[in-house]
Amino acid sequence: MWTPTKNQKFGVAIYNFEAEHVQQALRLDVGETVQILEECCGWYRGFSTKNRNLKGIFPAQFIHLKPFKIDNEGIYETVTPVEDPVVQEAASVLREWGQIWKDLYVVLGTPHGDQELWDAVRKTMMDIADWRKMLITGTLTSDQIGQIKLKITRKIDWGNRRLGLDLVPRVDGEMVDPDAVSVVELYRVHVLSAETSQGHTQGLGTLAKKKDRRKAQSHHLFFCMRDFSYHLGEDAEVFFSLYDACKGKFISERFLVKLSKEGFFNYVEKIHSNCTIFTDLGSADLSSELYIVAHVVRVGRMLFSESVKKSSSHSYRRPHGVALFRLAPSVLQGADGEVRNDVELTGKLFSSDEKDFWQLPELVLKKQSNKYSIMSNNASYGLVVSVKVVHGELEQATKENPLLLKNVCITKKLGFSDVIMPGDVRNDLYVTLNSGEFERGGKSVAKNIEVTVLALDVDGQPLECIYSGMGHEGSTEYASMIMYHNNSPRWNERLKVAIPIDQFGGAHLRLEYRHCSTREKNEKKLFGFSFIRLMDDEGGTTFRDGSHELCVYKCDERARLNNPAEYLTMPFLSKEAVDCIYSLPFQRSPKEFIVIDTLLCSTKLTQNVDLLSLLRWRSAPDGIGETLSRVTRVDGAETVKFLQDVLDALFAMFSTDDGNSTQHSGHVFQALVFIFSLLEDTKFEHFKPVMDAYITGHFAAALVYKGLISCVKHLSDLCPQNEKQEPIMRCFRSLEYIFKFIIQSRLLFARATGGQNEDSFRIDVDNLFESFAHMLNMHLENIENSQITLLEHLQGACDQLCQVLSPGEVANHLSNLFNATPFESTRELTRAKLNAMKNSVNSSLFDDDDGRAVLLETICTHLRQHLEGRQELRLCGDVLSDLVIVIHKHVKSHYSGRLPPSLHQDVETVMLTLFDVVVQLILSLERTAPSSGTLVACLMGILQLMEEAHYSRLWDANVGADAHRLRHLLYSTTVLLSDLVRAAVFPSDWFVMRMVTNHTILTAMQEIAQPLISTFLKQGRFDNQLWSNYLNLAVGFLTQPCLQLEHFSQQKRHKVLERYNDMRVLMGFQILSMWHNLDDHRLHFIPGMVGPFLEVTLVPEPELRKATLPIFFDMMQAEQQAKGNFKQVETELIDKLDILVSENKGDDEYRQLFNTILLERVRSNDPVWRESGTAFINSVTRLLERLLDYRNVMQGDENCDKRMSCTVNLLNFYKNEINRQEMYIRYIYKLHDLHLPAGNFTEAAFTLQLHASQLAWTQRMLHADHLYPAQTETQRKELIYMKIIENFDKGKCWEEGIPLLEELAAQYRIRLFDYQKLSEVLKRQARFYEEILSCNRHDNEYFRVGFYGLGLPLFVRNKAFIYRGLEYEQIRDFTQRIQTEFPQAKILPPNTPPDDTIRSSDGQYIQICAVKPIPEPNPKFDGLEVDERILKYYAVNHVRCFFYDRATYRGGADKDNEFKNLWIERITYTIESELPGILKWFEIIDQRIEQLCPPQCACETVEKNNKQLKQMSLQYRANPHDNIQPFTMRLQGTIDAAVNGGIAKYQDAFFGPDYLHMYPENSEHVNRLKVLFNEQTLILEGALELHGKIAPLANQPLHRRLVEVFEDLRNKVRKICSTPQSQRSVSSLQSTPPPPLTHRRADSDPATEFRRIGSIINSPLPPLPSDKCAASLSSSSTSGHSSQRSSQASSLYAHFQSASHDDELYAKPQEWDEGVGGSQRDSRPRSAFITDSRGSSPKSLTKSLNSDYVIVPSSKAVDDSQRWRHSRPPSPHAPRNSGTHDSLNTSWSDSQGSQESLPPLPPRGSEKQIRSVSLGGEEDVPPPVLPKRMGKKIRTQSLYSNIL
């Protein structure tokens, strides 16, 4: 039995579980997380977290259980593992991105693909997965974990932004819980998160906690020397230092790397000996042009030579070369916290003359290449180093990069850093050997001078404190480089002297000068020295920084220097030695000197005399005044170094021992203020903790508080009178520390005296604040800056006062100051006041109930005034935001659920004071205003704080006597909320913010409903506008995009449901409740609310739909009761439904629910309007079906045809079912717009004709719309006509455009008298006629397409259509196009009808075959000889009937002769409308099947061959010079092969003695086949005669062979026919009944049907008239002609009964012109109306035929039903007759008045007219005069010869 789990709720699959053979099993992959619901016998039941809707069972052994926690226990409970939040978020993000990444991969090869994004997402996912793995392992330190988490969150935020996902608000890298913070604070987090996210290219995260994160003040450069490829041959020293090219000086100490002569890799003195970190670089340093300069010094012989192998006894330091490495901004300016890899830099060594070595870096930078050169090197690289920038304090940076920075030597900056830390202890003296000037000393060459620097203590003992470079231990002396033979050397060498503080006082530096010989045996010879005393013995100050010229004293014995006392009394500076008049122990060389630079960086020693005198004030009390006046001129860095001592001295001078002031109290206060103001400097801000520590630990002046208060008050009182405000402003800036000393002094005094003088202290404080208030209340321009400064720094003083006064008292003082500041003040003062309010809100005063109550009322009052005046809206919004946040935190701190009275009152104060003004202000602001978002968040925060009692209090406070104020408030609130819902203030990716806002609005709307019901409904004060606003707000809320859960991922949807439920359902039931309360007032909302409620019901939530759909029944009922119908509901519902469904709303489920629910309500309530209501509901249901079909095919080029079909369905629905003309026209133009891009110009024109047919030629004015301006009906119809004509022109359907042009011409000529337009129309009409005759138009093919299977859309499911193909489109291309439109469909073979299994299956099947059109009769061409180019158009256009032939064999196919059993199944299709039309296809509405027996098939085959022979003969007679090869092959194939086996096959099949005995019913077809063979021999005879004339000599042998074979063929035909040649036509015609009328050949060419009418070319010759055969002439000639017409035109053989007519006659034809058959004939197939190529009239073309006769048909014409139609009837055609014998007339005369619909026959001429036979010439000649009756017999063979 399955039991719910308690302790097993969450787990991870550790094996793959395939669910193939287990019922209800859940398939799992390794790593997939599952939530467990139940367990039973080792099995679990639950679901995967990636698809919560699919539940199943899985083995318990496959699951690893994990600790979990349950949130929101219940139906929407969430079980989450107890893991690090970042780990959980990473896993969730990887799942979500994984699906997106796959989708990106699918579209990579398409135009929408983005390879770069796909690669970036892939890399990011891999990084996140790797970092998550590192977190899970648990092997990282806490600092490393923090770094990894930071990286993960940064990557997640970057990826979300790139993928367009929701912004994740974070605090310290972790997601914010929206339930734990106020909506205002959440807004701020979103703002900061968005700014941070957008500010980084790779997404450095959205760490959005509001905190004092200043940009890192200190930066450090990690340096490592990687390689040195130069070979020096001796040891070397490489000094690295930082050089600022902008300032032109070095800014760091030197770092030393020593190299052995073997090379870099063979010398490793110790670990990290080649690495250092340059510390304390400021932001200005990083932004400057910074270089690393490497000085290479060779250590060895004076002059190096490779040939000298012996090692030197002396080592000299000799200059070698310099390398420079530029630190690019990309290396230095990494963002705070950004992790960067080491950057490797490569440089070459530069060398120069030794005299220029000191300035070689500058020469290289200035590119003075004439003074330096690049040193040669065997390797491709020179000196290789790597650098990396780290940020923050060095201690923290070392913790963050322990492997990189641990045990690495530090190379400090020259001078103090930008930030001086209190704990820094430094005492470094930097000495730079600059230059020297020495005498030659009697030598012929200059000296090789070496300078040795020593640091000696007071006893003359050397100190190990000299550092030539960092990275090595200190030494007692330093030897400089030697410039070879140079008495004026310049070294520019810098060394560090780090003398301990206790030894610095008596220490001095000594510089010894020696001459170094190049000879190895000579020792270095001392010839002089210099010295420096480091500290002044009298003043106690150190040697000043700067450049100093030292005296050089002669000395050649080192022993004389052992006693420093001998020379320390001598002057050491050249300027001092000049004035020296007493004798000295050592002789000074007046022409020799040395220049050095010194720089002292010490936190314990000072060079400032003024500061020293201040510290020693007691030794010189008379100079206190002067000393205090000079304190403000002391450098701040010097002051803070001795902060404690300075403060002790100042407070000792401030008052006497009994607390009275002294004469210097004012100057002391000024000095104190100066020191306090120093701490505001960012350079010294880190000394604030030192100051605080001094106040709490060392300050002991218990009596100074009164004097300090007095000084501050004195300055405040003097403020209006004093012109110089700077001292007063400096005092106000220091109020925080002044009050810190005041409070500490008061506490010390109270502790010492037991709390005496407390009242006096309060009075002093009150007086001080009264002075402040008086000063703030003044309107004086000169004190405005002081007022602003006081307000800015006031809060610091109040915070300190809270230690000795109650928060309420302090709040009263502060409130009085706010009230004292005038409202009508300058903008700067107003801003200062608001900032002061902001500071007070965030202070400890607001944590106290009394203090908060006092300040809250004052602040809200001031905010209301400024908001009403629209002053400083952004700052007011910030103050209000802080206020709401603080109150929300206090509300959240009370978990009992019931607020204490103080907090309840605070919320009420804010609500009553600010709610209405905030609403009005937001309504008046633009959404793009800077303060708009903040104010909206504040409003949401206020609503979030309000409880039911607060809403009631708000309504009561505004109800009044007539409820006008309440109405105004409700109206403004609902309008604002509607605006917020529909035009979202917050960006679309702020999903969390939007959901919290929506939840707040939902709660508010539930409360707003109460006064609507109680005040504006039930008390007789119904307000339609208020209720409409409310209902529209509810609809807008429910339908807003961010609440449509079906568009979210499953995980996101689950989170929303877990936290907020489905707010749409909650709001839907709220709407339903309000609707029910309306009762009799519902009619006010018809039809206005029909559309909004329809939008609600379209939301895809079943419960919501079921609840809200009955509202439409209520609306119908209400309107029916009031007006007797529900026309408004009907109209509005249909209009809005069309719009909303096109916006992708609604589905088939909605259609079913709409029909079911409303019909059920109609049946259950049984209203009087039941029938009309049922009809309306069914009509809307059908409309929904069509709209949904239309929407489903709206996208994709492959769905263009589907869109057209659905559009036609809709326009027919709007016209025929509900008669909505505006909707009908709307969809006409939608269909038109679909046709144009597809190139269906003809169909587009027919579509526009639908609109044109709705218009008349009147002057009625029509309204403007999106397509046409306001104009008369005539103007619009004219405009539409022009569009139609243009489209017909593009579609080459000029025949359709001509009637429209004629109609326009008539309007211009008769009614409008616009001859200009008339001329243009007539020109266009003339051009159309020309195009018909001159343009070559391709006949479109037609195809039958059957759609089968339930998987297809409703509008084509199990239906068949006839398609009109594109121009030049064959069946293969057409099939491919259909398959593109239905890619899932399978193509069925065309010869197999689909059975019921296919029709009822869920798949998609399509059957395609080519069909032939059956032309419609066109009476206007009857009796006329019409050019084939004119007739050809009507053969394939204006058609409704088509046929398809399928070959079958009865009894099996005969292998020897397939013609015996070959039957044809002919299917005739009738479609619902003619083609072409408004679509390129129409549905088949009728289908008839008939069988053609084998002789019929044979007749059609022979007839087709005869036709082709005739056409080819005419072609070559007109163009005899064409290539004769096709003509020869056709003749040979016909004569030699004898038509697929020839006459022998047909003789064997049909002409045997037994065939007619077995199949007597086929006798008529057998006889007709004989006639066709006879005709074929005649055609071949003429063709051979023509071939013999035009065949070249090479083809004459083949021609003679063909003539011989033809004689045999003709004999066979004569034998088959068994009649004499002179009587074969008559006997054949008399013995062959005409074929059935309903049969028509599939391969006939209707375009040539008419050219044979009235011509003897296409008819068998009749016999001579005689009495014996008179009775049969009419029948035989009719049969002959009808068979020809039926076979050539429509492929249906019609049956005619023989009839005798005395009026049938033979007419002697006119003579033909002698030029017939000339080479000037047109090469195109000729029509029956042939004119002479020379343009002669038919009368002149009869001479050659004066002895021949032609048949003149009967005067009785065919019946009207067989005539061709010109215009298309508006209604569908009636179905055609089957065409049997009984349905036909027995004679031509009988058929004249018949109205039966028969298959079209070629038109016949009357007995008064005859179509002339013309062989070229003009086409517009009038018909010829009828010939007279002739009695002469026609010569058959000669006639055919002349014709062919």
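Conventions used here
- Residues numbered from 1 in each chain as written.
- Predicted model: local features only at pLDDT ≥ 70, side-chain atom pairs only at ≥ 80, totals over all residues.
- Heavy atoms only, no water.
- Helix = DSSP H or I, 4+ residues; strand = E, 2+ residues; numbered from the N terminus.
- Contact = heavy atoms within 4.5 Å.
- Areas by Shrake-Rupley, 256 points an atom, 1.4 Å probe, with all protein chains shown as cover.
- pLDDT = per-residue confidence, 0-100.
- Phe/Tyr/Trp six-rings, centres within 6.5 Å; stacked < 30°, edge-to-face > 60°.
- Buried < 20%, exposed > 50% of the residue type's maximum accessible area, 1.4 Å probe, protein only.
- Lys NZ or Arg CZ within 6 Å of the ring centre and 35° of its normal.
- Pairing = 2+ DSSP bridges.
- Axes fitted to C-alpha atoms, helices over the stretch in contact; angles between N-to-C directions.
- Parallel < 35°, antiparallel > 145°, perpendicular 65-115°, else oblique.
- Left-handed = near helix turned anticlockwise from the far one by under 90°.
- Nonpolar A, V, L, I, M, F, W, Y, C, P; charged D, E, K, R; others polar.
- Salt bridge = Lys/Arg side-chain N within 4 Å of Asp/Glu carboxyl O.
- Core = buried A, V, L, I, M, F, W, Y, C linked by side-chain atoms within 4.5 Å.
- Polar contact = N/O pair within 3.5 Å; in protein donor to acceptor, adjacent residues only side chain to side chain.
- Expected span 1.5 Å × (residues − 1).
- Bend = angle between axes of the 7 residues up to and from the residue.

(A) Here's a closer look at the overall build of the protein chain. A count of helical and extended segments in the protein chain gives 60 helices and 42 strands. Here the contacts in the protein chain between residues at least 6 apart in sequence split such that 74% fall between residues at least 24 apart. Only carbon and sulfur atoms are counted for the fraction: they give 49% of the accessible area of the protein chain, which is about 81700 Å².

(B) Spatial organisation of the confidence of the model for the protein chain. Confidence in the prediction for the protein chain averages 80 pLDDT; 82% of positions are at 70 or higher. When mean pLDDT is taken per element in the protein chain, strand S34 (residues 1342-1348) scores highest with 95 and strand S41 (residues 1705-1707) scores lowest with 31. Counting interchain partners and residues more than four positions distant, the pLDDT-below-50 stretch residues 335-339 has nine contacts. Note on residues 1619-1844: pLDDT under 50 across the span, and 537 contacts to partners over four residues away in sequence or across chains.

(C) Expanded view of the packing of aromatic side chains. On inspection of all chains with the given rule, the structure shows 66 aromatic pairs. Ring geometry for tyrosine 1363 versus tryptophan 1481: centroids 5.3 Å apart, planes at 20°, classification stacked. Within this pair, whereas tyrosine 1363 is found in strand S35 (residues 1359-1364), its partner tryptophan 1481 is found in strand S40 (residues 1481-1492), the two being separated by 118 residues in sequence. The same class applies to tyrosine 1363 and to tryptophan 1481, which are both buried. Taking NZ or CZ as reference, lysine 447 lies 3.9 Å from the ring centre of phenylalanine 527, over its face. A cation sits over an aromatic face here: lysine 740 above tyrosine 737, 4.4 Å from the ring centre.

(D) Region of interest: the side chain of serine 843. Along the chain, serine 843 falls in the loop between helix H26 (827-841) and helix H27 (849-868). Contacts of serine 843, omitting those with residues within four sequence positions, involve Gln795 and Asp799.

(E) Spatial organisation of the sheet that holds strand S25 (residues 466-467). Read from one edge to the other, the open sheet built from nine strands follows the order S25-S27-S23-S31-S30-S29-S28-S24-S26, with strand pairing classed as antiparallel. Strands with a single pairing partner mark the edges of an open sheet, and in this sheet they are S25 and strand S26 (477-479). Two elements, strand S23 (residues 427-437) and strand S31 (residues 588-602), share ten bridges in a ladder whose sense is antiparallel. What sits directly across from threonine 432, in S31, is aspartate 597.

(F) Here's a closer look at the packing of helix H46 (residues 1273-1290) against helix H48 (residues 1315-1334). Interhelical geometry of H46 versus H48 gives an angle of 20° and a closest axis separation of 12 Å. When the axis of H46 is compared with that of H48, the two are roughly parallel. Between H46 and H48 the crossing geometry is left-handed. Residue-level contacts link Glu1278, Met1282, Ile1285, Glu1286 and Asp1289 of H46 to Lys1317, Arg1324, Arg1327 and Phe1328 of H48. Class assignment of the residues belonging to the contact of H46 with H48 gives a composition of three nonpolar, no polar and six charged.

(G) Region of the structure containing the pairing of strand S21 (residues 383-391). In terms of residue burial, S21 counts as a mostly covered element, since nine of its nine residues are buried. Of the two faces of S21, the one holding Leu383, Val385, Val387, Val389 and His391 and the one holding Val384, Ser386, Lys388 and Val390 are both buried throughout. As defined by bridge partners, strand S18 (residues 343-347) adjoins S21 across five bridges and the pair is classed as antiparallel. Residue pairing for S21: leucine 345 is matched across the bridge by valine 385.

(H) Focus on the sheet that holds S18. Within the open sheet, the five strands sit side by side as S18-S21-S11-S15-S22. Their pairing is mixed. With partners counted over all chains shown, the strands left at the sheet margins are S18 and strand S22 (409-411), one partner each. Here the average twist between neighbouring strands, direction ignored, is 30°. Bridge count between strand S15 (residues 275-281) and S22: three bridges; the pairing is parallel. Paired with isoleucine 277 across the two strands is isoleucine 410, which belongs to S22.

(I) Examining the packing of helix H33 (residues 991-1014) against helix H34 (residues 1024-1039) more closely. Axis separation between H33 and H34 bottoms out at 11 Å; the angle between their running directions is 155°. Comparing their axes, H34 and H33 come out roughly antiparallel. The interaxial crossing formed by H33 with H34 has left-handed handedness. Contacts between H33 and H34 involve Asn998, Ile1001, Leu1002, Met1005, Gln1006, Ile1008, Ala1009, Leu1012 and Ile1013 from the former and Leu1026, Trp1027, Tyr1030, Leu1033, Ala1034 and Phe1037 from the latter.

(J) Quick peek at the environment of valine 181. Turning to its location among the elements, valine 181 is positioned in the loop between strand S10 (174-175) and helix H4 (183-198). According to the relative accessible area criterion, valine 181 is buried, its value standing at 15%. Through-space distance from the C-alpha of valine 181 to that of lysine 889 is 7.5 Å; in sequence the pair is 708 residues apart. Every residue in contact with valine 181, bar those within four places of it in the chain, is listed here: Val176, Leu186, His888 and Gln944.

(K) Up close: the pattern of salt bridges. Inspection of every chain in the model, using the stated rule, returns 80 salt bridges. Here aspartate 882 ties to arginine 188 by a salt bridge, and the two come within 2.5 Å at their closest N and O atoms. Within this pair, whereas aspartate 882 is found in helix H28 (residues 873-892), its partner arginine 188 is found in helix H4, the two being separated by 694 residues in sequence. Here aspartate 1135 and arginine 1220 are joined by a salt bridge, their closest N and O atoms 2.4 Å apart. Linking aspartate 1135 in helix H40 (residues 1127-1142) with arginine 1220 in the loop between helix H43 (1200-1217) and helix H44 (1221-1238), this pair joins segments that are 85 residues apart in sequence. What you see here is one network of salt bridges that share partners, running through Glu253, Lys412, Asp428 and Lys496.

(L) Representation of the nonpolar core within the structure. Residues Phe1112 and Tyr1214 are the most contacted members of the largest nonpolar core, which totals 306 residues. Core analysis: the second largest hydrophobic core is formed by 65 residues, Leu256, Leu454, Met483 and Cys551 among them.

(M) Broad picture of the side chain of arginine 1064. By the secondary structure assignment, arginine 1064 is in helix H36 (residues 1063-1078). Here the side chain of arginine 1064 touches leucine 1043 through a polar contact of 3.2 Å, landing on its backbone oxygen.

(N) A look at the pairing of S31. Two elements, strand S30 (residues 546-554) and S31, share seven bridges in a ladder whose sense is antiparallel. Bridge pairing in S31 places serine 547 opposite aspartate 597.

(O) Local environment of the environment of alanine 1498. Assignment of secondary structure puts alanine 1498 in helix H52 (residues 1494-1518). For alanine 1498, a relative accessible area of 2% gives the class buried. C-alpha separation for the pair alanine 1498 and phenylalanine 1550, spaced 52 residues apart in sequence, amounts to 9.4 Å. In this structure, alanine 1498 is in contact with Tyr1546, Phe1550 and Leu1569, ignoring residues within four places of it in sequence.

(P) Structural context of the environment of leucine 1514. Among the secondary structure elements, leucine 1514 is positioned in helix H52. Sequence separation of leucine 1514 and leucine 1586 is 72 residues, and the distance between their C-alpha atoms is 9.8 Å.

(Q) Highlighting helix H47 (residues 1294-1312). For H47, the complete set of buried residues consists of Trp1294, Glu1295, Glu1296, Gly1297, Ile1298, Leu1300, Leu1301, Leu1304, Ala1305, Gln1307 and Tyr1308. Phi for phenylalanine 1313, located one or two positions after H47, is positive at around 55°.

(R) How the structure looks around helix H29 (residues 901-924). End to end, H29 covers 35 Å across 24 residues, agreeing with the expected 34 Å (1.5 Å per residue, within 8%). Where H29 bends most, the angle comes to about 45°, and this point is leucine 914.

(S) Looking closely at unusual backbone geometry. Cis peptide bonds are those with omega within 30 degrees of zero, and the linkage from isoleucine 1086 to proline 1087 qualifies with 5°. Mapping proline 1087 onto the fold places it in the loop between H36 and helix H37 (1090-1097). For the peptide bond that leads from leucine 1475 to proline 1476, omega is 0°, which places it in the cis range. Position of proline 1476 among the secondary structure elements: in the loop between strand S39 (1462-1475) and S40.

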